[in-house]
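Each chain is listed here by its residues.
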Amino acid sequence: MRKILILFAHPALEKSRVNVRLIEGVEAITGITFHDLYERYPEMDIDVKAEQNLLKEHDIVVFQYPFFLFGIPALLKEWMDLVLVHGWAFGRNGNALKGKWICHVVTTGGSKASYSKGGYNRFTMKELLAPLEQAAHLCGMRYLPPFVIHGTNVMRPDVIKEHVGQYRKMLKLLADQTFDPVGLCSQENLNDQFRRR
């Protein structure tokens, strides 16, 4: 089994409708380490060495967070700035993450249509996440398309349940050592792939 590290960052989890359901019981899935950054670092005092050791122990890193104002939560950005440093994650001798897979699990209040060229937000999620894809590339990581859940503000409970099921399928498949994630790289997002399974 591949080992998956879920780096979870939600600054207002008590108000969550979807992320709170997505994370229920994920640590019970074989090979999953669930790491809630806001719970672990309420003062944003990140233990860099501990975080780097966690990354070294896992094959796939999943960043899971709500997409607020077209960016990642502050603590996750702080984590990236302090943990993914030159000489360790990139640059000369910075190859600690080389070959590891990375995936973003993102929730948005806006609809899928609003995240399009002609939509309200003017850009696709792939375009808005491009800096994070480039950061992964810089670190020598292999980037999977994002798993994006749109429209969370108005989502019905039965639809939330469907997304929870798709998320579980994705995690289990990625953890399966016999599955080759390369085939997923050409997708716009991972949602459609796991909706069909």
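Look above for the structure.
Here the structure is a predicted model, which is why all the values come from computation and not from measurement. Think of each chain on its own: its residues are numbered from 1, step by step along the sequence as written. Given that the model is predicted, a residue must reach a pLDDT of at least 70 before its local features are reported, and side-chain atom pairs must reach 80 or more before they are shown or counted; all residues, however, enter totals for whole chains, interfaces and linings. Heavy atoms throughout the structure, all of them, feed into the side-chain values; hydrogens and water do not.

### Structural notes on the overall build of the chain
Helix and strand labels come from DSSP, where a helix needs a run of H or I of at least four residues and a strand needs a run of E of at least two; each type is numbered from the N terminus. A tally of regular secondary structure across the chain gives eight helices and six strands. If you list the helices and strands of the chain from N to C, you get β-α-β-α-α-β-α-β-α-α-β-β-α-α. With C-alpha atoms as the basis for the radius of gyration, the globule rule is written as 2.2 Å multiplied by the number of residues raised to the power 0.38. For 197 residues, the compact-globule estimate of 2.2 N^0.38 gives 16 Å, and the C-alpha radius of gyration of the chain, at 16 Å, lies within 12% of that figure. The rule is simple: take the accessible area with a 1.4 Å probe, protein chains only, and divide by the maximum for that residue type; under 20% is buried, over 50% is exposed, in between is partly exposed. Across the 197 residues in the chain, those meeting the buried criterion constitute 51%.

### A look at the nonpolar core
By nonpolar core we mean a set of buried residues, namely Ala, Val, Leu, Ile, Met, Phe, Trp, Tyr and Cys, connected to one another through side-chain atoms within 4.5 Å. Among the nonpolar cores identified, the biggest contains 35 residues, and Leu55, Phe63, Tyr65, Trp79 and Leu84 are the most heavily contacted of them. Every element with two or more residues in this core is listed here: strand S1 (4-8), helix H3 (48-56), strand S3 (60-66), helix H4 (74-83), strand S4 (101-107), helix H5 (125-128) and helix H6 (130-138). Here this core gets five residues from one element, more than from any other, and that element is H4. Whether two residues are in contact is decided by their heavy atoms: any pair within 4.5 Å suffices. For Tyr65, the contacting residues outside a window of four places in its chain are Ala9, Asn19, Ile72, Pro73, Leu76, His104, Val105, Val106, Thr107, Leu129 and Leu132.

### Some details on a nonpolar patch on the surface
A surface patch of nonpolar side chains, about 370 Å² in accessible area, is lined by Phe68, Leu69 and Phe70. Tracing the sequence through the fold places Leu69 in the loop between S3 and H4. To count toward a patch, a residue needs a relative accessible area above 30% and no salt bridge. Like charges then connect within 9 Å, nonpolar side chains (Val, Leu, Ile, Met, Phe, Trp, Tyr) within 5 Å. Residue exposure ignores everything except the shown protein chains as possible cover, and the areas themselves are Shrake-Rupley values with a 1.4 Å probe. In what follows, salt bridge is the name for a side-chain nitrogen of Lys or Arg lying within 4 Å of a carboxyl oxygen of Asp or Glu.

### A closer look at the packing of H3 against H4
For helices, the axis comes from a line fit to the C-alpha atoms of the stretch in contact; other axes are also lines fit to C-alpha atoms, and the angle between any two N-to-C directions lies between 0 and 180 degrees. It is the contact of H3 with H4, at a shortest axis distance of 10 Å, that shows an interaxial angle of 90°. By the angle between their directions, the pair H3 and H4 is classed as roughly perpendicular. From H3, Val48, Glu51, Gln52 and Leu55 reach across to H4, where they touch Trp79, Leu82 and Val83. For the contact of H3 with H4, the residue count by class is five nonpolar, one polar and one charged. Roughly parallel means an angle under 35 degrees; roughly antiparallel, over 145; roughly perpendicular, 65 to 115; everything else is oblique. Charged residues are taken to be Asp, Glu, Lys and Arg, nonpolar residues to be Ala, Val, Leu, Ile, Met, Phe, Trp, Tyr, Cys and Pro, and polar residues to be all remaining types, Gly included.

### What about empty space enclosed by the protein?
Method remark: on a 1 Å grid restricted to protein atoms, a set of points is classed as a cavity if a 1.4 Å probe fits but cannot get out and as a pocket if it is open with protein on both sides within 12 Å along at least five of seven lines; lining residues have an atom within 4 Å of a point. Grid points are joined across faces, edges and corners, and a volume is the space filled by probe spheres set on the points. Counted under the stated rule, the structure contains one cavity of 30 Å³ or more. One number sums up the size of the largest cavity: a volume of about 80 Å³. Lining the largest cavity are 14 residues; nearest its centre among them are Phe63, Leu84, Ile102, Ala136 and Met141. Only S3, H4, S4 and H6 provide two or more residues apiece to the lining of the largest cavity.

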